[in-house]
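Spelled out, the chains give:
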Amino acid sequence: AQTIHQWPVAEIKAVGSPLSLGCTIKGKSSPNLYWYWQATGGTLQQLFYSITVGQVESVVQLNLSASRPKDDQFILSTEKLLLSHSGFYLCAWSLVREEVFFGKGTRLTVV
Amino acid sequence: GDSVTQKQGQVTLSEDDFLFINCTYSTTTYPTLLWYVQYLGQGPQLLLKVTTANNKGISRGFEATYDKGTTSFHLQKASVQESDSAVYFCALVLQGGRALIFGTGTTVSVSP
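Below is a short write-up of the structure. (Residues numbered from 1 in each chain as written. Chains lettered and ligands numbered in written order. Predicted model: local features only at pLDDT ≥ 70, side-chain atom pairs only at ≥ 80, totals over all residues. Heavy atoms only, no water.)

1. A few points about the overall build of chain B
- Scanning chain B for helices and strands turns up 0 helices and 11 strands.
- Put simply, chain B runs from its N terminus to its C terminus through helices and strands in the order β-β-β-β-β-β-β-β-β-β-β.
- The C-alpha radius of gyration of chain B comes to 13 Å, within 12% of the 13 Å expected for a compact globule of 112 residues.
- With the C-alpha coordinates of chain B rotated into their principal frame, the extents come out at 45 × 30 × 20 Å.
- The buried share of chain B, taken over its 112 residues, is 47%.
- Expressed as a percentage of contacts within chain B between residues at least 6 apart in sequence, the contacts between residues at least 24 apart total 53%.
- As presented, chain B carries roughly 5,100 Å² of accessible surface, and 50% of it is formed by carbon and sulfur atoms. (Helix = DSSP H or I, 4+ residues; strand = E, 2+ residues; numbered from the N terminus. Rg over C-alpha atoms; globule rule 2.2 N^0.38 Å. Buried < 20%, exposed > 50% of the residue type's maximum accessible area, 1.4 Å probe, protein only. Contact = heavy atoms within 4.5 Å. Areas by Shrake-Rupley, 256 points an atom, 1.4 Å probe, with all protein chains shown as cover.)

What follows is the structure in structure tokens.
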């Protein structure tokens, strides 16, 4: 069974519209959670990090926000999408902090 | 500041060829480096972890080593297969895992 589930798999959204992406971690207690962004053909850029419920650190400002409402859930959102938000969004988790495991990602296209 | 450099953007090989990918790093702390493999349309998969303590990791036929003299990490495989075609990233672990800095990735293409 998969440990990490991301939703949705893909989204096509209009500029200026809101966005909410999520991931759920199964079977792991109090994981560290991460959000990463990847441009097509590019490298991975860390966006957020969370060590526990209610605590989220922003690594880079991209007009996005993140929340951790439950131990096993991490949400990425914005009220107003920009064209530059297009890309591949990856949620990741770790228990041993030097081993980070990624989900399958959400492909976002902003038009 | 902390950084990682992965200069090889593209590597083209034939099956049974030797694969070697290199990353150099800069950090003031003892480095831990992770190697990831990303297949088309998927999230990165953790392939290997290398620290200055263990100097080497082996998984799925891949071997990762650490060279303190040149502040670099290497990923190698003796005999690649077409199924190894993917993008390989190195990532420097910072602050005990609070953040990862990724290299720019190496696209490996293996022809049969």
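There is more to say, and it comes next.
2. With respect to the pattern of salt bridges
- On inspection of all chains with the given rule, the structure shows 4 salt bridges over all chains.
- Residues Lys49(B) and Glu99(A) are paired through a salt bridge, measuring 3.4 Å at the closest nitrogen-oxygen approach. Here the residue Lys49(B) occupies a position in strand 5 (residues 45–51), and Glu99(A) occupies one in the loop between strand 9 (87–94) and strand 10 (101–102), the pair thus bridging two chains.
- What makes Glu99(A) partly exposed here is its relative accessible area of 26%.
- Between Asp84(B) and Lys77(B) there is a salt bridge, with its nearest N and O atoms 2.8 Å apart. The same class applies to Asp84(B) as to Lys77(B), namely buried. (Salt bridge = Lys/Arg side-chain N within 4 Å of Asp/Glu carboxyl O.)

3. Quick look at the interface of chain B and chain A
- In this complex, chain B contributes 22 residues to the contact, which on the side of chain A involves 19 residues.
- Together chain B and chain A conceal approximately 1,700 Å² of surface at their shared face, both sides included; 52% is due to carbon and sulfur atoms.
- Counting the surface chain B buries against chain A, the share from its top three residues, Pro44(B), Arg98(B) and Phe102(B), is 31%.
- One can count 2 salt bridges joining chain B with chain A.
- Where chain B touches chain A, the interface holds 10 residue pairs in polar contact (both at pLDDT 80 or more).
- Among the secondary structure elements, those contributing two or more residues to the side of chain B that touches chain A are strand 4 (32–38), strand 5, strand 9 (86–94) and strand 10 (99–102) of chain B.
- Looking at which element gives the most residues to the side of chain B that touches chain A, the answer is strand 4 of chain B, with 4 residues.
- Across the side of chain B that touches chain A, the residue classes break down as 9 nonpolar, 11 polar and 2 charged. (Buried area = accessible area lost by both parts, 1.4 Å probe. Polar contact = N/O pair within 3.5 Å; in protein donor to acceptor, adjacent residues only side chain to side chain. Nonpolar A, V, L, I, M, F, W, Y, C, P; charged D, E, K, R; others polar.)

4. Overview of the nonpolar core
- Ranked by internal contacts, the top residues of the largest apolar core, which has 27 residues, are Leu19(B), Trp35(B), Leu75(B), Tyr88(B) and Val108(B).
- Of the residues forming this core, the biggest block, 5 residues, is contributed by strand 9 of chain B.
- Apart from the residues within four sequence positions on either side, Val108(B) is in contact with Val11(B), Leu13(B), Leu19(B), Ile21(B), Asp84(B), Ser85(B), Ala86(B) and Tyr88(B).
- By size, the runner-up hydrophobic cluster in this structure holds 20 residues, among which are Leu21(A), Phe48(A), Leu64(A) and Val110(A). (Core = buried A, V, L, I, M, F, W, Y, C linked by side-chain atoms within 4.5 Å.)

5. Digging into the sheet that holds strand 8 (residues 73–78) of chain A
Residues and elements named next belong to chain A.
- Taken together, the 4 strands give an open sheet; going across it, the order is 1-3-8-7, and neighbouring strands pair in antiparallel fashion. Of all the strands in the sheet, the pair left with one neighbour each is strand 1 (4–7) and strand 7 (65–70). Neighbour-to-neighbour, the strand axes of this sheet turn through a mean angle of 20 degrees, independent of strand direction.
- Note that strand 1 and strand 3 (residues 19–25) share 4 bridges and pair antiparallel. (Pairing = 2+ DSSP bridges. Axes fitted to C-alpha atoms, helices over the stretch in contact; angles between N-to-C directions.)

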